Amino acid sequence: MVRTIIQTENMSFTYPDGTSALHNINIEINEGERVAIVGSNGAGKSTLFAHFNGINKPTSGLIKIDGEPAVYEKKELLQIRQKVGIVFQNPDDQLFAPTVVEDVAFGPMNLGLSDDEVDERVEEALKLVGMSGLEKRAPHHLSGGQKKRVAIAGILAMRPEIMVLDEPTTGLDPKGVDQVMEILYMLNSEDMSIIIASHDVEMVTQFADKIFVLHDGEIIGQGTPEEIFNDPETLKKAHLRPPKSAELLHLLNNNGFPCDIKLTVEEASHEILHTLGAESYHRLLHLVKNKLQHDLLHVLGDEKYHEMLHVLERNQKYVHQSRAQPLLNIENTSNK
Ligand SMILES: Nc1ncnc2c1ncn2[C@@H]1O[C@H](COP(=O)(O)OP(=O)(O)OP(=O)(O)O)[C@@H](O)[C@H]1O
Ligand SMILES: [Mg+2]
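**Observations concerning the overall build of the protein**
From N to C terminus, the protein includes 14 helices and eleven strands. Across the 336 residues of the protein, 37% fall into the buried class.

This is the structure:
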């Protein structure tokens, strides 16, 4: 049976200065889900997250954690915070101890664990985020990306059931992004629910199985990445853009090459292959490498352009190899 771990009912929140930040939020998040909250600056993502572990208390409506309405007393809050670990948007809001090792140990120590257990968890968490060896460093002297990793380690060491990460990849280099995403996939494969807030549509598309779109404190859309990024009106309202591969397929669609909108480069290349058929595919590849190169570099950026080119070229081989066969069934699908 599906276990709902976070559920809000008409939850609204107004800050003490009168800023109304959330209005009638109704969301459900289930055990083991990978959820992304997307929305532009000031939409209310961080405000919403601070409700998930009881930092913020709804002004009206309610939030249930693991089926129980949140209770804002010391004992109950401790229980909630053991269950829900939040990695803040800004690591400086989280890191405070004089050394990395003390910072990561702080949470587990407060759980009343033995010294050995604390040491083991700290070592494991630092290893997972690739920060072993920096135990004695002062957190405030680390780089932005290193701080982020230590902040994640501090929460990992608590072994929460639900991990909430506010902008987990901001400020990380591409390798750092991959490492953090790998950690999140690994934790999720062990049934941990992961909730992230992000502006990074490429990452969100790959990662999330459920997306909530937040705009001006309201949920204006929810669904799978496919549903959300095929809904131009909601995206426009929320000031979000679709992933680059979807933009590319829209571009093709608008230029007389009917195709379904796909969200990853890999899927998009297959869609192009199927839509165009082998011969046109080669013509397209020629265009991409020559006449359209300048425009595509502009739309996609250097990295995505070369990623796309790589996939297209790889699939070109595939087309050659498949020529003898009935063109990969392209003839049957090219009119869809
Ligand atoms: N402590 C506070 N007091 C008053 N208003 C606040 C406070 N923190 C946030 N706000 C306001 O609440 C609204 C939502 O802010 P929030 O930080 O939740 O947005 P966000 O979606 O996380 O944005 P970003 O993408 O920039 O992180 C904004 O209008 C913001 O100005
Ligand atoms: Mg925020």
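**Observations regarding the site of ligand 1**
Inspection of the region around ligand 1 gives 13 residues, with Tyr 15, Asn 41, Lys 45, Ser 46 and Thr 47 positioned closest. At three residues, the largest contribution of residues to the shell around ligand 1 is made by helix α1 (residues 45–52). Tallied by class, residues from the shell around ligand 1 come to three nonpolar, eight polar and two charged.

**Describing the pairing of strand β10 (residues 210–215)**
Burial runs high along β10: five of the six residues are buried. Sheet topology note: the strand β4 (residues 34–38)/β10 ladder contains four bridges and is parallel. Paired with Ile 37 across the bridge in β10 is Phe 212. Pairing between β10 and strand β11 (residues 218–223): five bridges, direction antiparallel. Pairing of Ile 211 across the sheet is with Gly 223, part of β11. In this structure, the hairpin formed by β10 and β11 is closed by a connection of two residues, where Asp 216 is found at a positive phi of approximately 50 degrees.

**Here we look at the domain arrangement of the protein**
Each assigned domain of the protein is listed here: domain 1 (4–237) and domain 2 (244–333). Each of domain 1 and domain 2 was reduced to a C-alpha centroid, and the two centroids are 36 Å apart. The interface is formed by seven residues belonging to domain 1 together with five residues belonging to domain 2. When residues of the side of domain 1 that touches domain 2 are traced back to their parent elements, those giving at least two are α7 (201–207) and α8 (225–229). Across the side of domain 1 that touches domain 2, the residue classes break down as two nonpolar, three polar and two charged.

**A few points about the environment of His 250**
As for its placement among the helices and strands, His 250 is situated in helix α10 (residues 244–254). Looking at His 250, the number of C-beta atoms within 10 Å reads 15, which means it is partly exposed. With 115 residues separating them in the primary sequence, His 250 and Glu 135 have C-alpha atoms 48 Å apart.

**Overview of unusual backbone geometry**
Non-glycine residue Asn 10 carries a positive phi angle of around 40 degrees. Looking at Asn 10, the number of C-beta atoms within 10 Å reads 12, which means it is exposed.

**Some thoughts on the packing of α10 against helix α11 (residues 265–289)**
For the pair α10 and α11, the least separation of the axes is 9 Å and the interaxial angle reads 20 degrees. One element, α10, and the other, α11, form an angle in the roughly parallel class. The element α10 and its partner α11 pack so that their crossing is left-handed. Counting all contacts with α10, which are made through Ser 245, Leu 248 and Leu 249, the residues of α11 involved are Val 265, Ala 268 and Glu 271.

About the thresholds
- Residues numbered from 1 in each chain as written.
- Chains lettered and ligands numbered in written order.
- Predicted model: local features only at pLDDT ≥ 70, side-chain atom pairs only at ≥ 80, totals over all residues.
- Helix = DSSP H or I, 4+ residues; strand = E, 2+ residues; numbered from the N terminus.
- Buried ≥ 20, exposed ≤ 12 C-beta atoms within 10 Å, placed from the backbone.
- Near = placed C-beta within 6 Å.
- Nonpolar A, V, L, I, M, F, W, Y, C, P; charged D, E, K, R; others polar.
- Pairing = 2+ DSSP bridges.
- Domains from an automatic or database assignment.
- Contact = placed C-beta atoms within 7 Å.
- Axes fitted to C-alpha atoms, helices over the stretch in contact; angles between N-to-C directions.
- Parallel < 35°, antiparallel > 145°, perpendicular 65-115°, else oblique.
- Left-handed = near helix turned anticlockwise from the far one by under 90°.

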